[in-house]
Amino acid sequence: MTMSNIGVLIEMDGQEIKASNYGVLTAACTGGNAVALVFTENGDVVKNDLERFGAGKIVTMSATNPVQKAKLMAAAVKEFNLSAVLGLSSARGRDLLTRCACILDAPLALDAIQADLSDGTVVKSHFSGKTTAVIQLSGDTLLVGLRPNVIEAVENPVSAELVPFTAEADSSDGFKILEVKKGGTGTIDLTEAEIIITGGRPMNSAENFQILHACAEVLPGAVGASRAAVDAGFAPHSMQVGQTGKTVSPKLYIGCGLSGSVQHFAGMKTARIIVGINTDKDAPIFGKCDYGIVGDLFEVVPVLTEVLKNKR
Ligand code: FAD
């Protein structure tokens, strides 16, 4: 039986591949031959890492804006006979996969938590995580954006062929990037982080978030905030997790002073392990987390940081 070719849109952070791409590559390897689609000037820089996670073909492309990138991706789908394209359901991934789906007139599912490419079924959470939908996609090429970190990356070493790819130049996109402003304050992107420590309303000030940053540095992880903390001006919106903030799927989520609202959980309930720290033993978060600590976050977090420091 011939295996189908599954494209994987690889997201770069400067010259480096974002770690969350490797889980997406693993998903592609399960369904067929993984073909990495990378926007880079230098394929040699990414080759070893992509080979390690099973990309048998690495298609390198060059474009300056999302319109051109999507056109190139769509051309690559045809050139390399891709039956599906997987990517991260990140801000950039959602943008490019959607544009590409429009060009190809192909079905698209974003924010997926599972994808079975053998029969085109995709699992998504809906209505703030209250329901899970199994969606059947059908078409010549299926496009799926996976939530970062939902699939464990598994090494699958292969030898890859590097294929630089260009398509007919088209300058009629009417699109020009004037400036790129980086959001967030931490060094680890919230949506990519394997560990997140989040502060709620009782953080009380922006300065107090420093105790979470200190802990995140040792973990190492990223710092998030509830909407109550963001609305009160203690943290920027780029740190907000939840229905109207970011959707995250870390391996470990530590919620400090969070009541456990449905809207907050909508953004992080797929975290593998959830820890709640709350002074109120009856707080709803204790009904939703794997481990609970009844205590004052201003006492618990510094102790946790110290213990972790000593462990390292
Ligand atoms: P609170 O609900 O005030 O809970 C604070 C908790 O901290 C309490 O349980 C308290 O017992 C505990 N506590 C107090 N002091 C301490 C201490 N010293 N140490 C430890 N624990 C302590 N919220 C989001 O977070 N993200 C969203 O994206 C989001 N989107 C929304 C969209 C809509 C349409 C709506 C209506 C709401 C949305 N919300 C969102 C708001 C949400 O409903 C909650 O109001 C919010 O999540 C509560 O934030 P919190 O848990 O930090 O604060």
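Structure first, text after, so check above.
Everything numeric here is computed off the predicted structure, so don't read it as measured data. (Residues numbered from 1 in each chain as written. Predicted model: local features only at pLDDT ≥ 70, side-chain atom pairs only at ≥ 80, totals over all residues. Heavy atoms only, no water.)

Caption draft 1: Broad picture of the site of the ligand. The ligand sits among 27 residues. The nearest are Arg201, Ser226, Thr244, His264 and Asn278. At a separation of 3.4 Å, an oxygen atom of the ligand approaches a polar backbone atom of glycine 245. Threonine 279 is positioned with one of its backbone polar atoms (N or O) 3.3 Å from a nitrogen atom of the ligand. For the ligand, the protein covers 73% of the area, taking 990 Å² as the surface of the free molecule. With respect to the pocket detection grid, the ligand is positioned in the second largest pocket. Within the shell around the ligand, the residues separate by chemical class into eight nonpolar, 15 polar and four charged. (Near = heavy atom within 4 Å. Polar contact = N/O pair within 3.5 Å; in protein donor to acceptor, adjacent residues only side chain to side chain. Areas by Shrake-Rupley, 256 points an atom, 1.4 Å probe, with all protein chains shown as cover. 1 Å grid on protein atoms, 1.4 Å probe; cavity = no way out; pocket = protein on both sides within 12 Å on 5 of 7 lines; lining within 4 Å. Sits in = over half its atoms within 2 Å of the grid points. Nonpolar A, V, L, I, M, F, W, Y, C, P; charged D, E, K, R; others polar.)

Caption draft 2: Representation of helix α2 (residues 43-52) within the structure. Every buried residue belonging to α2 is among Gly43, Val46, Leu50 and Glu51, and all of these are buried. Down the axis of α2, the smallest arc covering the buried residues is 135°, so these residues share one side. Of the exposed residues in α2, those oriented more than 90 degrees away from the buried face are Asp44 and Asn48. Two to three positions downstream of the cap, the backbone nitrogen of aspartate 44 sits 3.2 Å from a side-chain oxygen, assigning the N-cap of α2 to asparagine 42. (Buried < 20%, exposed > 50% of the residue type's maximum accessible area, 1.4 Å probe, protein only. Helix = DSSP H or I, 4+ residues; strand = E, 2+ residues; numbered from the N terminus. Arc of directions from axis to C-beta.)

Caption draft 3: Examining the packing of helix α3 (residues 66-79) against helix α4 (residues 91-104) more closely. At their nearest, the axes of α3 and α4 sit 8 Å apart, and the two run at 55° to each other. Comparing the axis directions of α3 and α4 gives the class oblique. Helix-helix and strand crossings are classified by hand; for α3 and α4 the assignment is right-handed. Every residue of α4 that contacts α3 at Pro66, Val67, Lys69, Ala70, Lys71, Met73, Ala74, Val77 and Lys78 is listed here: Asp95, Leu96, Leu97, Arg99, Cys100, Ile103 and Leu104. The class makeup of the residues in the contact of α3 with α4 is 11 nonpolar, no polar and five charged. (Axes fitted to C-alpha atoms, helices over the stretch in contact; angles between N-to-C directions. Parallel < 35°, antiparallel > 145°, perpendicular 65-115°, else oblique. Left-handed = near helix turned anticlockwise from the far one by under 90°. Contact = heavy atoms within 4.5 Å.)

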